[in-house]
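Geometric and topological summary
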Amino acid sequence: MSTTTTPATTPRPAAGDRTSATTGRIGDSPLRPDGTLKVTGEFAYSSDLWHEDMCWGVTLRSPHPHARIVAIDTTAALARPGVFAVLTAADVPGVNRTGLEHADQPALAEDVVRYQGEPVALVAADHPETARRAAAEIVVEYAVLPALTDPRRALDPDTPLLHPSHPTGNLVREVPVRRGGPVPDAPVVVSVEFEVGMQDQAFLGPESGLAVPDGEGGVDLYVATQWLHTDQQQVQRVLGIGPDAARLHLAGVGGAFGGREDLSMHVHACLLALRTGKPVKMSYSREESFFGHVHRHPAHLRYEFGADDDGTLRYGKAELTFDGGAYASSTGAVVGNGGTLGLGPYRFPVVELVARGVYTNNPPCGAMRGFGCVQAAFAHEYLMDALAERVGADPVELRARNGMREGDPNITGQTIDSAAPVAELIRRVRDMPLPGERGTDLLGLPGGVGNTTHGEGVRRGIGYSVTYKNIGFSEGFDDYSTARVRLSVTAGEPVASVHTAAAEVGQGLVSVQAQIARTELGVSRVVIEPADTAIGSAGSTSASRQTYVTGGAVRAACELVRARVLERAAGTLGVPAASLRLDGDKVVAAGGEVLAGLADVLGDSPVEETTEWRHRPTVEPDPETGQGDAHVQYAFSAHRAVVDVDVELGLVKVIALDTAQDVGKAINPDAVLGQIQGGSVQGMGLALMEEVLVTDGQVRNPSFTDYLIPTVLDTPPMRIEVLENPDPHAPYGVRGVGEPPTISSGPAVAAAIRAAAGKDLRRVPIRPEHIVS
Amino acid sequence: MHIELTVNGSPREADDVWPGESLLYVLRERLGLPGAKNACEQGECGSCTVYLDGTPVCSCLVAAGQAGGREVTTVEGLADGSGEDRDLDPVQRAFVENGAVQCGFCTPGLIVSTHDLLERNPSPSDPEIREALAGNLCRCTGYEKILDAVCSASGARMDTVRSASGARMGTVRSVDTDRTGATGDLR
Ligand code: FES
Ligand code: FES
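Cut-offs applied
- What you see as residue numbers is a count from 1 along each chain, following the sequence as written.
- Chains and ligands are labelled sequentially in the order written, the chains with letters from A and the ligands with numbers from 1.
- At least 70 in pLDDT is required for a residue's local features to be given in this predicted model, at least 80 for side-chain atom pairs to be given and counted, and no such filter applies to totals for whole chains, interfaces and linings, which use all residues.
- Each side-chain value is worked out from all heavy atoms of the structure, with water and hydrogens disregarded.
- Here, two residues are considered to be in contact whenever any of their heavy atoms come within 4.5 Å of each other.
- Here, a salt bridge means any side-chain nitrogen of Lys or Arg that lies within 4 Å of a carboxyl oxygen of Asp or Glu.
- Whenever two N or O atoms come within 3.5 Å, that pair is a polar contact, provided that in protein one can donate a hydrogen and the other can accept it, and provided that, for residues adjacent in sequence, both atoms are side-chain atoms.
- Helix numbers and strand numbers start at the N terminus; a helix is a DSSP run of H or I with at least 4 residues, a strand a run of E with at least 2.
- Ten residue types, Ala, Val, Leu, Ile, Met, Phe, Trp, Tyr, Cys and Pro, are classed as nonpolar, four, Asp, Glu, Lys and Arg, as charged, and the remainder, Gly among them, as polar.
- The disulfide criterion used throughout: a pair of cysteine sulfur atoms within 2.5 Å.
- Any two strands are treated as partners once DSSP identifies two or more bridges connecting them.
- Angles run from 0 to 180 degrees between N-to-C directions of axes, and those axes are lines fitted to C-alpha atoms, restricted for helices to the stretch in contact.
- UniProt positions are given in the numbering used here, feature names are shortened, and annotations may be inferred rather than shown by experiment.
- Here the angle decides the label: under 35 degrees means roughly parallel, over 145 means roughly antiparallel, 65 to 115 means roughly perpendicular, and every other value means oblique.
- Note on convention: near helix rotated counterclockwise from far helix by under a right angle means a left-handed crossing. Clockwise means right-handed.
- Exposure classes here rest on a 1.4 Å probe applied to the protein chains alone. A residue is buried below 20% of its type maximum, exposed above 50%, and partly exposed in between.
- Cavities and pockets are found on a 1 Å grid laid over the protein atoms alone: a cavity is a set of points where a 1.4 Å probe fits but cannot escape, a pocket is an open set with protein on both sides within 12 Å along at least five of seven lines, and a lining residue has an atom within 4 Å of such a point.
- Grid points are joined across faces, edges and corners, and a volume is the space filled by probe spheres set on the points.

The name an unreviewed UniProt entry gives chain B is Carbon-monoxide dehydrogenase small subunit, with Pseudonocardia ammonioxydans as the organism.

An unreviewed UniProt entry lists chain A under the name Xanthine dehydrogenase, molybdenum binding subunit apoprotein, with Pseudonocardia ammonioxydans given as the organism.

Encoded structure:
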């Protein structure tokens, strides 16, 4: 195992040491291949696309959270000069249903709208303003229905069903987890009812793309997404066109965080393009973006832990209710995570837990970084602090004592079969140096230059958290990725090209793929082909899985290519292939002696291989007990937050947000740090300020004026310790990196605020009024 | 409406501009300069930041008509030359080299804001940097590596100034001591 810490003592190498095109193997941090394009403004994001003769599409959305559509009159809109098409559900040629897990959502509403913002009609016009004005002229007659907006009422017997054909009524999914027999008595019992607000992914690049009809009934869609192939299938189904009649191409993605796993404008732009015969561009405004993607589920959490007098856990009981909103999206899988992982990285002899997700008329919720574990973590970490206080234990040592270790079963009975350094991670963050005393600079005080306080009512607090997350797709899903690797000669040099459908969303997968190809093929020059559906699926850029799964596929394809090249070289050289390696663009002997140039071996005959790669299978947990090996890998992280709280004004300043995380193997150490820093701040945002406010099914704050995300003034310095305990089952020993920091940072911040304010705060985000009330 | 303006040193014009169009829309959709970004179009995120007569503005808040006859510099105008041989501005180079770019959607705005900060204050302190960039949202990076990049660009600029005046070259990270947090590389 190795450990690395920032600040590091080694200075960053000069830029010349890591030019993007030709250097950087596994464990290096080469410059991003797309970095220069991104700093010069040339990188083509999905909202930057332009096509000769293109027109603009806009969406008309429902103002009501629940209503029957009585009639739609598009006459006036169609008559507006510059308008090419106005479409409603009646114009959908295929099956008017989309959805990641259940196809329960119409691409355009039919007889009923189930949330505010549901798409009802589309317009294509020569200018976005023309299209918007025409959309405003569409007359939709609604009969407003009572809206189900309290998820706790969703399963009451007298509550009307939002999807009458859904077999379990308003229950999207329920996952019970039972283990170890009846819940015993315990000398110490702590419990909490905790509430987590609805968080938004708030990626900066709006939902957008360009659909170009091919004149033969098919379409090419250039779009920002996380998973091209699931989009492709849904688009083709709604359009009623054959396989591969919709070809999807990844346009530049301005962040994702789960919010691009469901369709947004994909089908709509294609419908308009096929109807008008013109290329159609759609690009959401920020307001529309808040209605255009799913959010993180708000959750009600009832937890109870029983323990011995010394704080050793005897049992965990929990009931988690996730508000899925109007359509299922990935609620089922979120509930799966909330259930199977809901008690955190601790050893519980007895477990009785149920997680459920329900339909309501609130905004649909689905994937966001941390996926079901974020919500649960606030409750289990609250209780670990409560337990420590009750038994008079140190909160860090209490966590360390109860923390999972390698070889332990988790609450679904799955043995953790690689490192589970819970105790080490939490002790590491405790042992990091603490920030100095509060200065007098206003910027360092809660409220900052707002000059709201000079420090009289400011108290400092420290909070801890340790959490874990499954990596990759779980519960028996056939989780694989496809890679094509080709070695050929260009301008006398060997070049490896790598083609996958994996979505680069900012995390740096393009660098990682090139690093793997350089490592496996010993070449300097690697080209990453644009991601599209011309190759098989790579699965989603989610669940922290791409370095693991697409990385695994790229490695496997490289191995096949390498074997063929060495075979060929062995024939020419008259030596066994097993004695040869590729290195430095050469074929070399075991001892490193150069035997041939790789370019000479390849000559005019490139070598190409395409392969699918899958991780170990998982199983669906038992429907009664939740037991089973549901997940393929677990990733652990811990945070310590230090905050200053003005207890009179309710203002919070996070002074430090320090973390330790086990990443298995840092394929690209700089990118690992970037993920941990960005992920930590998103978790902090949920604890402090980020909430989509919904009243009676209406979103009250769909803008960056009213939905606040952390700015550079809100963001503390972060000390990061990265552990590398390789997972022997994963390629190179990697462990997913992206999500864990978002899970453990928020509960640490919330705990630090509770400590500073001396208040029993049981909801996030914690707003000033909660602190002063 | 017809408008004429100077963009990145060249005279440009656009016809049939609807009066409600912003400078951002004209740059992106009419002049083929999508570098300035459209993350909010409400003046809240800074992704659309460009220079207007030398002052950084949110171009989404500037009506296209207001920009008539004026000089605009976008992120596309900061590097010298074009193509492979182009010479990146030190701020652009620092963002690439310090890992300050993930999805990159915030990057053009941050680069213009940083460029402006360093024009006014060649070696800003950590609080000064934070204050100057408070209007630029980034959702991916947690800002740490952006701060690294600004410090590094500031050092690089000072180096350029120093070497031009014959003084000894400093190290790129010499001004980094103001930063209290993690700034180092992981290796
Ligand atoms: S797009 Fe102009 S400030 Fe956000
Ligand atoms: S890098 Fe994605 S928003 Fe800043």
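Moving on from the model shown.
1. Section: the interface of chain A and chain B
The accessible area lost on association of the parts is a frequent measure of interface size. Listed by partner, the interface residues are 75 residues for chain A and 58 residues for chain B. Where chain A meets chain B, there are five salt bridges. A salt bridge links B:Glu29 to A:Lys281; its shortest N-O distance comes to 2.8 Å. Between the two partners, chain A and chain B, sit 25 residue pairs in polar contact (both at pLDDT 80 or more). Only β1 (2-6), α1 (35-40), α3 (128-136), β13 (280-283) and α14 (669-688) of chain A provide two or more residues apiece to the side of chain A that touches chain B. The element best represented in the side of chain A that touches chain B is α14(A), accounting for nine residues. Taken together, the residues that form the side of chain A that touches chain B break down as 33 nonpolar, 27 polar and 15 charged.

2. Quick word on the state of the cysteines
Within the structure shown, the criterion is met by zero disulfides over all chains. Left without a disulfide partner, A:Cys373 is nearest to the cysteine sulfur of A:Cys365, which lies 16 Å away.

3. Remarks on the sheet that holds strand β26 (residues 607-614) of chain A
All names here are of chain A. The strand order across the open sheet built from four strands is β22-β21-β20-β26, with neighbouring strands paired in mixed fashion. The sheet is open, and its two borders are formed by β22 (525-528) and β26, each paired with just one other strand. Averaged over all adjacent pairs, the angle separating strand axes in this sheet is 20 degrees, with direction ignored. Bridge analysis of strand β20 (residues 480-490) against strand β21 (residues 493-499) gives seven bridges, and the strand direction is antiparallel. Following the sheet pairing, Val485 is matched in β21 by Val498. Most of the contacts of helix α11 (residues 509-521) go to β22, to which it runs at about 140 degrees, and overall it touches β20, β21 and β22.

4. Concerning the UniProt feature "domain: Aldehyde oxidase/xanthine dehydrogenase a/b hammerhead" (unreviewed entry) in chain A
Mapped onto the present numbering, the UniProt feature "domain: Aldehyde oxidase/xanthine dehydrogenase a/b hammerhead" (unreviewed entry) falls at residues 40-146 of chain A. Helix and strand shares over residues 40-146 of chain A are 14% and 32% respectively, and the end C-alpha atoms of the span are 51 Å apart.

5. Remarks on the packing of helix α9 (residues 395-402) of chain A against helix α10 (residues 422-431) of chain A
Residues and elements named next belong to chain A. Close contact between α9 and α10 brings their axes to 8 Å; oriented N to C, the two are set at 165 degrees. Relative to α10, the element α9 is oriented roughly antiparallel. Between α9 and α10 lies a crossing of left-handed hand. Contact with α9, carried on its side by Val396, Glu397, Arg399 and Ala400, involves Val422, Ala423, Ile426, Arg427 and Arg430 of α10 and no other residues of that element. Classifying every residue of the contact of α9 with α10 gives five nonpolar, no polar and four charged.

6. Considering unusual backbone geometry
Apart from glycine, the bulk of residues carry a negative phi angle, and the bulk of peptide bonds sit in the trans form. Residue and element names in this part refer to chain A. A cis amide bond links Val764 to the next residue, Pro765, at an omega of -5 degrees. Looking at where Pro765 falls in the secondary structure, it is placed in the loop between β32 (763-764) and α16 (768-772). Phi at Ser329 is positive, roughly 45 degrees, even though this residue is not glycine. With respect to the helices, strands and loops of the structure, Ser329 is situated in the loop between β16 (313-325) and α7 (331-340). The residue Ser544 is not glycine, and still its phi comes out positive at about 50 degrees. Along the chain, Ser544 turns up in the loop between β22 and α12 (546-573). Its relative accessible area of 15% is what places Ser544 among the buried residues.

7. Points about the packing of helix α4 (residues 228-239) of chain A against helix α5 (residues 266-276) of chain A
Residue and element names in this part refer to chain A. Following both chains from N to C, one finds α4 and α5 inclined at 45 degrees, their axes separated by 10 Å at the closest point. Classified by the angle between their axes, α4 and α5 sit oblique to one another. Crossing hand, α4 versus α5: right-handed. Contacts from Asp231, Val235, Val238 and Leu239 of α4 reach α5 at His266, Val267, Cys270, Leu271 and Leu274. The residue inventory of the contact of α4 with α5, partitioned by class, reads seven nonpolar, one polar and one charged.

8. Considering empty space enclosed by the protein
Residue and element names in this part refer to chain A. Counted under the stated rule, the structure contains eight cavities of 30 Å³ or more. In this structure, the largest cavity spans a volume of roughly 610 Å³. Lining of the largest cavity is provided by 38 residues; of these, Gln507, Ser544, Gln675, Val737 and Gly738 occupy positions nearest its centre. Taken together, the elements giving at least two residues each to the lining of the largest cavity come down to α11, α12 and α14. In terms of residue class, the lining of the largest cavity is built from 17 nonpolar, 15 polar and six charged. Quantified by volume, the second largest cavity comes out at close to 340 Å³. Considering the residues around the second largest cavity, the lining is formed by 27 residues, among which Gln105, Tyr115, Leu263, Ser264 and Gly292 are closest to the centre. Going through the elements one at a time, α5 and α6 (286-292) are the ones with two or more residues in the lining of the second largest cavity. Among the elements that take part in the lining of the second largest cavity, α6 stands out by supplying three residues, more than any other.

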